[in-house]
Amino acid sequence: MSGKSVTLQAGRIITYVLIVLLLVGGVGFVAYFTNGFTDGFKSFYVSVNGENVLDAKTDVIISPSAPLEVDVKYTFGRFSKKLTGYEVKVVPAADFTFTVDGATHSFANEEDLTGGFEIVEDDESFKLIPKGGLGFIMSGVYPDSEVVVNKSSVPKDTDLFTVIVYSKDKTASVSIGCRLEDYDTEGVTLDEEAIVF
């Protein structure tokens, strides 16, 4: 066998191996973004604490000192500058009753709770910071009213909010279920008798 023929055979083997690797990588890529070929291809997703979320995530604990931090991603965002932008909305994930100016309301019937959170937005990420405990959050939703949350009616150890992150054109979305780290804490009350001047 001549040296030229051995080189030609080695070149073919390397080419075949590269083709197989590309095919396997392509199939793996599609499988990842289709949830093992069970869903449609996801072109929009988010990252929460370094974990990619293609559809939904639950049990994320947040607080004013530990906000929800989300990176917004488009699968082909590197190839098109038009694939940017997002919108955030917070909706209920649980049900309990609370009062607004004495009238009883159902938490589950609230359409938008975003006013109870501060959202610090960047081009490709955001932080969602609760305005305090549950009472402060609901006061942010109803800023001109007296809001009373009966804490005993609030379910424990369950997601209270769903953060929905929409793509810019709203054709895709990702849901993140959140609960408060300590929703019994409504703020700091000072004992006036203990203050010394």
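Here the structure is shown first, and the text comes after it.
Here goes a summary of the coordinates provided. Given the structure is predicted, the values throughout are model-derived calculations rather than measurements.

What the chain contains, in helices and strands, is 2 helices and 12 strands. Counting helices and strands in the order they occur from the N terminus, the chain gives α-β-β-β-β-β-β-β-β-β-α-β-β-β. Within the chain, the fraction of its 197 residues that count as buried is 32%. Working note: accessible area of the chain is about 12400 Å², and carbon and sulfur atoms make up 54% of it.

A separate point is the environment of S153. Tracing the chain through its elements places S153 in the loop between β10 (147-149) and β11 (161-167). Take S153: its relative accessible area is 27%, and that puts it in the partly exposed class. When the C-alpha positions of S153 and T97 are compared, they lie 6.9 Å apart, and in sequence the two are 56 residues distant. The residues contacting S153, other than those within four sequence positions of it, are D95, F96 and T97. Within the structure, the side chain of S153 is placed 3.5 Å from the backbone oxygen of T97, a separation counted as a polar contact.

With 37 residues, the main nonpolar core has L68, F126, M138, F161, V163, V165 and I176 as its most contacted residues. Excluding residues within four positions of it along the chain, I176 makes contact with V46, V48, K57, V60, L68, V70, F161, T162, V163 and V165.

Right, let's get into the pattern of salt bridges. Pairing between side chains becomes possible if they bear opposite charge and their charged atoms approach one another. In total, this model carries 4 salt bridges according to the counting rule given. Residue D59 pairs with R179 through a salt bridge whose shortest N-O separation is 2.5 Å. Remark: R179 occurs in strand β12 (residues 173-180) and D59 occurs in strand β3 (residues 56-62); sequence separation between them is 120 residues. With a closest N to O distance of 3.5 Å, D159 and R179 form a salt bridge. Placement of the pair is D159 in the loop between β10 and β11 and R179 in strand β12, with a sequence separation of 20 residues. For D159, a relative accessible area of 10% gives the class buried. Through salt bridges that share partners, D59, D159 and R179 make up one connected network.

The grouping of E69, D71, D122, D123 and E124 at the surface amounts to a negative patch. Tracing the backbone shows D123 in the loop between β8 (117-121) and β9 (125-130).

This next bit is on the environment of P92. Looking at the element boundaries, P92 is found in strand β5 (residues 86-92). For the pair P92 and E110, spaced 18 residues apart in the sequence, the C-alpha separation amounts to 6.7 Å. Once residues within four sequence positions are removed from consideration, P92 is found in contact with F107, A108, E110, L113, L160 and T162.

What follows concerns the sheet that holds strand β7 (residues 103-106). If you walk across this open sheet you meet the 3 strands as β7-β6-β10, and the pairing is antiparallel. The outermost strands of the open sheet, each flanked by one partner alone, are β7 and β10. Neighbour-to-neighbour, the strand axes of this sheet turn through a mean angle of 30°, independent of strand direction. Relative to β7, strand β6 (residues 97-100) runs antiparallel, the two being bridged by 4 bridges. Bridged to T97 within β7 is S106. Where helix α2 (residues 134-141) meets the sheet, its contacts fall on β6 and β10, and the angle it forms with β10 comes to roughly 145°.

Okay, the sheet that holds β11 next. Sheet strands pair via backbone hydrogen bonds, and the direction of the pair is either parallel or antiparallel. The 4 strands lie next to each other as β3-β12-β11-β5, forming an open sheet whose pairing is mixed. On the outer flanks of this sheet lie β3 and β5, each paired with one strand and no other. Strand-to-strand, the axes of this sheet are offset by a mean angle of 25°, without reference to chain direction.

Definitions and limits used
- Residues numbered from 1 in each chain as written.
- Predicted model: local features only at pLDDT ≥ 70, side-chain atom pairs only at ≥ 80, totals over all residues.
- Heavy atoms only, no water.
- Helix = DSSP H or I, 4+ residues; strand = E, 2+ residues; numbered from the N terminus.
- Buried < 20%, exposed > 50% of the residue type's maximum accessible area, 1.4 Å probe, protein only.
- Areas by Shrake-Rupley, 256 points an atom, 1.4 Å probe, with all protein chains shown as cover.
- Contact = heavy atoms within 4.5 Å.
- Polar contact = N/O pair within 3.5 Å; in protein donor to acceptor, adjacent residues only side chain to side chain.
- Core = buried A, V, L, I, M, F, W, Y, C linked by side-chain atoms within 4.5 Å.
- Salt bridge = Lys/Arg side-chain N within 4 Å of Asp/Glu carboxyl O.
- Patch = residues over 30% accessible without salt bridge, like charges linked within 9 Å, V, L, I, M, F, W, Y side chains within 5 Å.
- Lys, Arg positive; Asp, Glu negative; His and termini not counted.
- Charge placed at Lys NZ, Arg CZ, Asp CG, Glu CD.
- Pairing = 2+ DSSP bridges.
- Axes fitted to C-alpha atoms, helices over the stretch in contact; angles between N-to-C directions.

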